[in-house]
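Chain by chain, the residues:
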Amino acid sequence: MRPSNEPFFWAMFSAGGMVTALLLPVLVVITGFLVPAGVVEFAQLESLFDFWPVRLVVFGVVFLALFHAAHRIRHTLKDLGLRSVATPLAVVCYLGAIAGSVWAATVLV
């Protein structure tokens, strides 16, 4: 029996779901409600993003959320009957997550 790489992708799915559930609502509230309402100044938020640990955390949230979404989309499409193209489907989903992560890293740097 050959070793499977599925445990790695399920771990990424789990970590992505957990991080997304905990941190994404906070980011949405801050950037979607508090900044437009004037409670948090945009200059304060911009100065916060000058620190590399904050950028690293935001990148981690984006990275894990994209891999969570890729895994969910892959398995949903397989369940809908696309089992015959399971390998190309996995490649497309995970390459999309990698491309989104590279774009996020470029934006954050």
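Above: the structure in question.
Residues numbered from 1 in each chain as written. Predicted model: local features only at pLDDT ≥ 70, side-chain atom pairs only at ≥ 80, totals over all residues. Heavy atoms only, no water.

(A) Layout of the pattern of salt bridges. Taken as a whole and assessed by the stated rule, the structure comprises two salt bridges. The partner of E6 in a salt bridge is R74, with the nearest N and O atoms 3.1 Å apart. Of this pair, E6 sits in helix α1 (residues 6-37) while R74 sits in helix α3 (residues 52-79), and the two are 68 residues apart along the sequence. Both residues of the pair, E6 and R74, belong to the buried class. Measuring nitrogen to oxygen at the nearest pair gives 3.7 Å for the salt bridge that ties D79 to R83. On the accessibility criterion, D79 (60% relative accessible area) is exposed. (Salt bridge = Lys/Arg side-chain N within 4 Å of Asp/Glu carboxyl O. Helix = DSSP H or I, 4+ residues; strand = E, 2+ residues; numbered from the N terminus. Buried < 20%, exposed > 50% of the residue type's maximum accessible area, 1.4 Å probe, protein only.)

(B) Layout of α1. Between its first and last C-alpha atoms α1 spans 44 Å; for 32 residues at 1.5 Å apiece the expected length is 46 Å, and the two agree. Maximum bend of α1: about 35°, positioned at T20. If you check which residues of α1 are buried, you get E6, F9, M12, F13, G16, T20 and V35. Tucked inside the fold, the buried residues of α1 contact α2 (42-48), α3 and α4 (86-108). Backbone geometry just after α1 places G38 at a positive phi near 85°. (Expected span 1.5 Å × (residues − 1). Bend = angle between axes of the 7 residues up to and from the residue. Contact = heavy atoms within 4.5 Å.)

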